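Coordinate analysis (summary)
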Amino acid sequence: MKPEYILSLIGIYFLVLLTIAYFTGKKDSNNAFFSGNKKSPWYVVAFGMIGASLSGVTFISVPGWVKASEFSYMQIVFGYLLGYIAIAYILLPIYYKLQVTSIYEYLETRFGKTSHKTGAIFFFISRVLGASFRLYLVASVLQQFVFEQWNVPFEVTVILSIALIWVYTFRGGIKTIVWTDTLQTFFMLSAVIATIFIISNHMNWSLVDLFHSEELKQYTKIFFTEDINSKNHAIKSILGGMFIAIAMTGLDQDMMQKNLTCKNIKEAQWNVLSLGAVLIPVNFIFLFLGAMLYTYANQMGIEIPIVDGSPKTDLLFPEIALNGGLGLFVGVVFILGLIAAAYSSADSALTSLTTSFCFDFLNFDKVKSENQKSIRKKVHIGVSVLLILVITIFKYILEDNVISNVLKVASYTYGPLLGMFAFGIISKKQIKDKFVWVVAIFSVIITMLLNNHSTTILNGYVFGFELLGINGLLTFIGLWIISDKKDILKQNI
């Protein structure tokens, strides 16, 4: 597919997003930007959150995961559902009761200002890195298949990607994103399903034949229960998935900000539960696509793209879609699916980071009303520049599959959030608030040491994604150590 066609397609796509942004951001109010005026239909939020939850990482990186780990990712997805149940019935009631804009305001109500700032800082780091991972993946695809041919520097590709997001979010914020995410989720799922059918037709197989073929079976093992020391053991993966969902959705301003735009808590709970259920078949479809891609690549002699001397499994899907002989239509739906998947996550990240910085660090609700809009827009620009810098750095340091990097970083950065919220909800103790940041940092350091030396000190044990839970537990223990005898039962939290 010619680069000119790809750019034209992206241009048309963003004109559609800008049209949506025009109608949803007409008033350019802070209330619409931060909370969507509390009028978002839950089913619209739920459908749009599929795209935000999956992102460009799932769209490209999960199919690339299949070669090394087969369908083991489904174990993590089953754990997600358990996590979403906990979010619906434990976390959402707290957020709605306190009527928070930033969910980290809970930590100040429960513990104090230092806890609030510590939680917000860890979210900010987590979301900057997570959003940068996702946008790096998309920028890499655009660079590899479009801009490289014109000798455009990678940095320019990144700036263009962020600029497009900024343009359609700077006025409407979360109100715009609720509706653009719905459109983007539709494009993403349509692209995956269309690609599956087209590949099966090119291979002259029905989907039933393909599903039962010996070529596909070598990739489709789901449950791994043989070795508890293994990273992808079923129990470890399910528990890890549960912790990931609670932390990366329930304790994440990005994801919860959308839920808090629902009219009431009941609709927000329906949103979360339906999302958890739908993600199971959706992720299975992505993995099935991955198995098909490797099967097709083997039959057609298509090699995994090499970048800087190393094979990049994340680029197999775009390589087949754009250069694999499947026709122009596949290239079109792939590009639409890719930009939809990537920007449905990145746009909300930009908005949530702006929200968090305003409310958690600038005490936005105490700023004079005539200055609030100007400050919000300056923060929005500042966050955009930060993302550009981090994505550019990733080009020189990332080597592994991107989704693996996303979940690995989450194990470290979301762990303290998991421990802090768990202690606040489960325990009735008050803590010495000024020492919270020390506990959070030490829990991350100890978690890193455990992970790096687990095979030596734990007799060959390799941590998987349950590492996030270990990090949270260490934070919980640390908070217990710095707690005092005060009881909070009378504070009505």
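Here we summarise the structure given alongside this text. (Residues numbered from 1 in each chain as written. Predicted model: local features only at pLDDT ≥ 70, side-chain atom pairs only at ≥ 80, totals over all residues. Heavy atoms only, no water.)

Looking now at the overall build of the chain. What the chain contains, in helices and strands, is 20 helices and four strands. Looking at the chain residue by residue over its 493 residues, the buried ones come to 58%. Partitioning the intrachain contacts of the chain with sequence separation of at least 6 by distance along the chain shows that 85% fall at a separation of at least 24. (Helix = DSSP H or I, 4+ residues; strand = E, 2+ residues; numbered from the N terminus. Buried < 20%, exposed > 50% of the residue type's maximum accessible area, 1.4 Å probe, protein only. Contact = heavy atoms within 4.5 Å.)

The terminal C-alpha atoms of helix H18 (residues 415–426) lie 16 Å apart, and with 12 residues this matches the ideal 16 Å at 1.5 Å per residue to within 8%. A large share of H18 lies buried, amounting to nine of its 12 residues. For H18, every residue scored as buried is listed here: Gly415, Pro416, Leu417, Leu418, Gly419, Met420, Phe421, Phe423 and Gly424. (Expected span 1.5 Å × (residues − 1).)

Here we come to the packing of helix H4 (residues 73–98) against helix H13 (residues 265–300). Between H4 and H13, whose axes approach to 9 Å, the crossing angle comes to 170 degrees. For the element pair H4 / H13, the angle class is roughly antiparallel. Of the residues belonging to the contact of H4 with H13, the class tally is 23 nonpolar, three polar and no charged. (Axes fitted to C-alpha atoms, helices over the stretch in contact; angles between N-to-C directions. Parallel < 35°, antiparallel > 145°, perpendicular 65-115°, else oblique. Nonpolar A, V, L, I, M, F, W, Y, C, P; charged D, E, K, R; others polar.)

The next point concerns helix H20 (residues 467–481). A rise of 1.5 Å per residue sets the reference length of H20, with its 15 residues, at 21 Å; its end C-alpha atoms lie 21 Å apart and thus fit the reference within 8%. Within H20, the full set of buried residues consists of Leu467, Leu468, Gly469, Asn471, Gly472, Thr475, Phe476, Gly478 and Leu479.

Before going further, it helps to spend a moment on the nonpolar core. Soluble globular proteins: nonpolar side chains tend toward being buried together. Within the largest apolar cluster, 138 residues are counted, with the highest numbers of intra-cluster contacts made by Tyr95 and Phe421. No other element matches H13, which puts 15 residues into this core. Setting aside its immediate chain neighbours within four residues, Phe421 contacts Leu91, Tyr95, Ile103, Tyr104, Tyr106, Leu107 and Leu251. (Core = buried A, V, L, I, M, F, W, Y, C linked by side-chain atoms within 4.5 Å.)

As for its position among the elements, Ser356 is in helix H15 (residues 328–361). The class for Ser356 is buried, based on a relative accessible area of 0%. Apart from residues no more than four positions distant in its own chain, Ser356 is found in contact with Tyr104, Ala120, Phe123 and Phe361.

Time to look at the pattern of salt bridges. Taken as a whole, this structure holds three salt bridges when the rule is applied. Residue Glu226 pairs with Lys221 through a salt bridge whose shortest N-O separation is 2.6 Å. Under the relative-accessibility criterion, Glu226 is labelled exposed at 58%. What makes Lys221 partly exposed here is its relative accessible area of 31%. (Salt bridge = Lys/Arg side-chain N within 4 Å of Asp/Glu carboxyl O.)

So, on to the packing of H18 against H20. Running from N to C, H18 and H20 point in directions that differ by 50 degrees, and their axes come no closer than 7 Å. Classed by the angle they form, the pair H18 and H20 counts as oblique. H18 and H20 meet at a crossing whose hand is right-handed. Listed contacts from H20 to Gly415, Pro416, Leu418, Gly419, Met420, Ala422, Phe423 and Ile426 of H18 are Leu468, Gly469, Asn471, Gly472, Thr475, Phe476, Leu479 and Trp480. Grouping the constituent residues of the contact of H18 with H20 by class yields 10 nonpolar, six polar and no charged. (Left-handed = near helix turned anticlockwise from the far one by under 90°.)

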